[in-house]
Amino acid sequence: MSTAGFNSQNGTGTGQTYSNGPSQNPVAPQQPPGVGYGMTHQPTYHPMQAKATPPHGHPGLYPSGPYQPITPVCSYQPGPPLTSHPAASGQSLLTRPLMGGPPSHTPPQSASPGPRLPHAQATPLAPAVSSGSYYTNPQQPQPMAPAWQYNTAPPSMGPPTNISTPPRGPAASHVHPAASSAGPPPPSSTAYSPAPPPPHVPHSVAQPPGPGMPRTPQHGYIQPGPAPPPMTPMAPHTYQPNRAPYGPPPTGPPPTMKPAPPPIGPPMANATPPPPKADAQCGGAANSTLPPAEHDCQEGDIECPGTVAGNGPPAPNSYNHVDNQMGVPPQPGPPGRHLGHYPSLPPGYQTTSAPPNASSPMHPAIQAATQPYTQPYQQPLGGPGAAQLSPSLAAMSLQSSTPETLRVVNLLQERNLLPPIPIPAPTPCLQQDLQRINCNPEVFRSTLTSIPQTQSLLNKAKMPLGLLLHPFKDLSLPVVTSSTIVRCRSCRTYINPFVSFLDQRRWKCNLCFRVNDVPEEFMYNPVSRSYGEPHKRPEVQNATIEFIAPSEYMLRPPQPAVYLFILDVSHNAVETGYLTVFCQSLLDNINALPGDSRTKVGFITFDSTIHFYNLQEGLSQPQMLIVSDIEDIFLPTPDSLLVNLNECKELVQDLLKSLPTLFEKTMETQSALGSALQAAYKLLLPTGGRMSIFQTQLPNLGVGALQSREDPNLRAAAKDVQHLSPATDFYKKLALDCSGQQVAVDLFLLSSQYCDLASLGCISRYSAGSVYYYPSYHHQHNPAQVECFQKDLKRYLTRKIGFEAVMRIRCTKGLSIHTFHGNFFVRSTDLLSLPNVNPDAGFAVQMSIEENLDDMQVVSFQAALLYTSSKGERRIRVHTLCLPVVNSLSDIFAGADVQAITGLLACMAVDRSATASLSDARDAMTNAAIDSLSSYRQAVLTIQQPGLLAPACLRLFPLFILALLKQKAFRTGTSTRLDDRLFAMCQLKYQPLVYAMLMIHPALYRVDDLTDEGALNVSERTVPQPRLLQLSVEKLSREGAFLMDAGTVMYLWIGRNCHPNFLTQVLGVPSYAAVPDNLYLLPELDTAESQRTRAFVGWLRDQRPFFPSLHVIRDESQLKPTFMQNMIEDRTESALSYYEFLLHIQQQISK
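These numbers were taken from a predicted model, which means no experiment stands behind them.

Reading the values: rules and limits
- Residues numbered from 1 in each chain as written.
- Predicted model: local features only at pLDDT ≥ 70, side-chain atom pairs only at ≥ 80, totals over all residues.
- Heavy atoms only, no water.
- Helix = DSSP H or I, 4+ residues; strand = E, 2+ residues; numbered from the N terminus.
- Expected span 1.5 Å × (residues − 1).
- Buried < 20%, exposed > 50% of the residue type's maximum accessible area, 1.4 Å probe, protein only.
- Contact = heavy atoms within 4.5 Å.
- Pairing = 2+ DSSP bridges.
- Axes fitted to C-alpha atoms, helices over the stretch in contact; angles between N-to-C directions.
- Polar contact = N/O pair within 3.5 Å; in protein donor to acceptor, adjacent residues only side chain to side chain.
- Parallel < 35°, antiparallel > 145°, perpendicular 65-115°, else oblique.
- Left-handed = near helix turned anticlockwise from the far one by under 90°.
- Nonpolar A, V, L, I, M, F, W, Y, C, P; charged D, E, K, R; others polar.
- Salt bridge = Lys/Arg side-chain N within 4 Å of Asp/Glu carboxyl O.

A.B. asks: Would you mind going over helix H7 (residues 649–662) in detail, with residue names and values included?
C.D. replies: With 14 residues, H7 ought to run about 20 Å at 1.5 Å a step, and its terminal C-alpha atoms sit 19 Å apart, in line with that. Those residues of H7 that sit buried are Leu651, Val652, Leu655, Leu656, Leu659 and Pro660. The inward-facing, buried residues of H7 abut strand S13 (562–568), helix H6 (578–589), strand S14 (600–606) and strand S15 (610–614).

Shown next, in the form of structure tokens:
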């Protein structure tokens, strides 16, 4: 990116800067680099540094010959953030300020600070420093080197703030130590380990009777059993750069290891401290960084409505489901324990209905992701309430045997590590009723399901801490209509299942621990028609809920649904034939466009000129208006270019029928895309809306014109790949302008030529849009792409959409968010601007621990998405996640989510590829695996054993890292088109985790022997469930047929000696030689084998929002090399096999 460093700053050189993606916090206090806020005892964690580079002359990541010790070329050191202002011509855009000095420039509008990476540069050898070091030697200065700081607390500006002092005066409600402060929650246990001794009880908390009695929690319940002795703090573990090597790897089986269990027994409950002395009130705008003339105070909408909960006039509530029906009565059950003589939650209150496709079993990967949550949200009889964290949580400690997640696995000896079914998302070690009501991992997922107490402990684990979100996922969820939305008066957290009710009239926030009053209106439950039981409200029964916002959450009427289509009609576009498919698809689905009676549509076509279409009501046919002055674009008739769809539907249909033939004989080859975008922006300026661009070639005329930067001879380069950053900032600037006016831009790229997706993709990335890419699209030569385009377009036109949206993520005091990943614009420190939000978009955030969490047993995270529905309703969707806090490295490793870690590292690697170099990103990913396994070996294993050892929960981590290295986005030494590589990077950043993992590590099944054994019954269809196979050629058989599901594409590989029965009964051909070269459809044959195969393929496709194309390939097919490149575990000319990669990791750990 020509204008940005690692943080992809949205500014473009002068004036005010913006940020997107990984971004910096402009309001955090400044302090010395390398030390997080409140972390004076431990340097920050730098997990992804280049350890060793392969010898010259060998392609790929590592040498393909025998393994030799490699001299490290650099050691990662923490450093100050890099400046982001543009450099002079010929000068590197990434420069470092002097050590000890503050950055020379800090963007005024950005998100919390994230790591910034220097440009690739030659680094002098550092023979005395181990390349595996995460920390600099505090006794001696180290040379500056690139660092990937993914657990770094934000650097501050100005003198450090005393974190023990509560904030005074009004404060913004973003995630900041001063405003998002939080104290410890009610007593509960940490996962696998006893809690620390309780802190001093303030005078505001009642002292227990008797001098020798343990402190009594506020609800009067004392956990039986003796209190554990005070735990001795763990000595700081410093990763020694010059440690003695372990020597050559020993051989032979490892001895049996039985780690000694920690002390057993419930810890003593901690007393709860009083709320903060000074409360941050919410008044005016929630962030001072907003421009004063902001036309739509969305940030104020979500944070500072006109009235605060409890102050507005009482009004009757109503509840409705997605279908406006919510008549499920509460489940009967005995009352729970009492908290201050107030009943806790009864058994589950059924307010959520099944997802639309819940009646049919899900894809294995998706089903595995939600496995812990598939049971009904109903508490066990007699169990404790979910609205308060009872001390029974303290009863959970490490059992006498090692948990399965910590079972030691020797990766070099256990060959078949891939389970036959996808691994499920790990279940946080929480009290059972809390876990049942916790947020679905498909929506909200953490890389670590057990949060470390301190940043120092997180640094020792050497694993990234972050969240992966799918906030607008298609769900059937409770919808609440109320004039009062109950929120914390201090941090503005929405009331949720993890708050505590002190009595009938007061509740305590689970993020900042302020005690709030329960509004009178909240006392009444209209579903059960009962009064005085606020803990039974659906807001306190569901971790995911949606509110219909009252008028206080909007400063103007909600905008209508507005759709503007910008179509390339140059000669190249007409040749592809996409225009016919687009027009027919829109005609077929025009009545299914989301919206209401106010919905508007408009059309612009372009080649070397811009064509507008007058669709004003009363015309007999559409009128084309041509503007040839593309340098000074203007709207010829501003009032009749965007028209009401219901009033002018016949004219719109006439236009769609005539467009394909209107330009069929054009010979215009130029493309003025930039001018067309400027015209579209002017047209949508008054209303906002969605802009859909269909482009088939490189823009070569007017503003935004681009030149080809790809050298086909360098597609298989073994070294760094060039031109991963934009060639111009035109599209980025325009995207920021669009975002400010609530306009999102979606890009459909249908081309067989280079189109510079690195530059064009910015228009969608910074406006919260989507990118669709169809390489080599042609209506005759590539029918599989045509089918894919048709299916994707139908989904795109008819799926749910949210307009003028913003999203904020809050977390318990002591935690902070410092980096965002996805398509959005960071409007302020922690507020993401999403002009459009769609159900297929995923996001990721990196986090750090600013203050010790010693007094807490659990922490919470809450994502709030405020949007306008296509029907004109202002809605707020809230997701809340609760996770335990632990104080030992073994507990952290036990709760590691290997898929979430892989997804977050993929996002980080995409950013690093653009801001530093592809080789830096590859080395950084490799080092992530090396460092986490090294930490596990040194800090967790009590008996050192030979081999490459990993906990069972991380046994697939090296495999997933190798899969990333061989993924199209990051691979080297294999011919890869630049646009293909960039689109793969876009997908890794944008796709929700469950879909991204299929793109990283495809699923392989044998399908020539499908049976009904273990099959699922889906909509009266029998769906076979074959086993997952390892991605290795040794798993293939010439006598079989194998289906590879790579997320966006599927391959059906037919062995040369495949059984004739499969060929005739499934493919409808008499022999192997008769299989067509370009077969992309399975024929519908009336045979059991055909029905099973089609049912399985169709079932896989139904579990994702996009349509994966299917390619049937033989040994002679052109796509066979592509199929074989997905065999992750096999060696290629340019990359290591899985076993060789494990040997490399072991060699690095043993240095």
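Structure's up, so let's keep going.
A.B. asks: Lay out the sheet that holds strand S9 (residues 515–517) in plain terms, naming residues and giving numbers.
C.D. replies: Spatially, three strands are ordered S7-S8-S9 in an open sheet, and the strand pairing comes out antiparallel. One side of each edge strand has no neighbouring strand; the edge strands of this open sheet are strand S7 (500–503) and S9. Taken pair by pair, the neighbouring strands of this sheet meet at an average axis angle of 35 degrees, ignoring direction.

A.B. asks: I'd like a description of the side chain of His778, backed by residues and values.
C.D. replies: Looking at the secondary structure, you find His778 in the loop between strand S20 (771–775) and helix H12 (783–798). There is a polar contact of 3.1 Å between the side chain of His778 and the backbone nitrogen of Gln780. Those residues in contact with His778, other than ones at most four positions away along the chain, are Glu575, Thr576, Pro783 and Val786.

A.B. asks: Now, about the pairing of S15: what can you tell me, with residues and values included?
C.D. replies: For S15, the tally of buried residues reaches five of five residues, placing the bulk of the element in the interior. Neither face of S15 is open: one carries Ile610, Phe612 and Asn614, the other His611 and Tyr613, and all of them are buried. Summarising the sheet, S14 and S15 pair through three bridges and their orientation is antiparallel. Residue pairing across strands places Thr605 opposite His611, the latter belonging to S15. Between S14 and S15, which pair antiparallel in sequence order, lie three residues. Bridging between S15 and strand S16 (residues 623–627) involves five bridges; their strand directions are antiparallel. The residue of S16 that forms the bridge with Ile610 is Val627.

A.B. asks: Provide a residue-level description of the packing of H6 against H7, including the pertinent values.
C.D. replies: Taken N-terminus to C-terminus, the directions of H6 and H7 make an angle of 160 degrees; their axes are 8 Å apart at the nearest point. By the criterion of interaxial angle, the relationship of H6 to H7 is roughly antiparallel. Considering the relative orientation of H6 and H7, their crossing is left-handed. Along its contact with H6, which presents Leu579, Thr580, Phe582, Cys583, Leu586 and Leu587, the element H7 presents Gln653, Leu656, Lys657, Leu659 and Pro660. Residue classes in the contact of H6 with H7 are distributed as eight nonpolar, two polar and one charged.

A.B. asks: Describe the pattern of salt bridges, naming the residues involved and giving the relevant values.
C.D. replies: Once the charged atoms of two side chains with opposite charge are near each other, the side chains can pair. This structure, assessed with the given rule, holds 36 salt bridges. Among the ionic pairs, Asp474 bridges to Lys800, the shortest N-O distance being 3.7 Å. One end of the pair, Asp474, is in the loop between strand S5 (466–469) and strand S6 (479–481); the other, Lys800, is in the loop between H12 and strand S21 (802–811), with 326 residues separating them in the sequence. Residue classification places Asp474 among the partly exposed residues on the basis of a relative accessible area of 29%. Classification of Lys800 as partly exposed rests on a relative accessible area of 27%. Arg875 is the partner of Glu546 in a salt bridge, and the nearest nitrogen-oxygen pair spans 2.8 Å. With Glu546 in strand S12 (residues 544–548) and Arg875 in strand S27 (residues 874–886), this pair connects stretches of sequence that are 329 residues apart. Of the two residues, Glu546 and Arg875, neither departs from the other in class, the shared state being buried. Connected through shared salt-bridge partners, Arg1038, Arg1056, Asp1077, Arg1114, Asp1115, Glu1116 and Lys1120 make up one network.

A.B. asks: Please provide a residue-by-residue account of the sheet that holds strand S34 (residues 1109–1113), values included.
C.D. replies: Here we have four strands laid out as an open sheet, ordered S29-S32-S33-S34, and mixed in their pairing. One side of each edge strand has no neighbouring strand; the edge strands of this open sheet are strand S29 (1003–1006) and S34. For this sheet the average axis-to-axis angle between neighbouring strands, irrespective of direction, equals 20 degrees. Bridging between strand S33 (residues 1049–1054) and S34 involves five bridges; their strand directions are parallel. Bridging from a neighbouring strand, Leu1052 pairs with Val1112 of S34.

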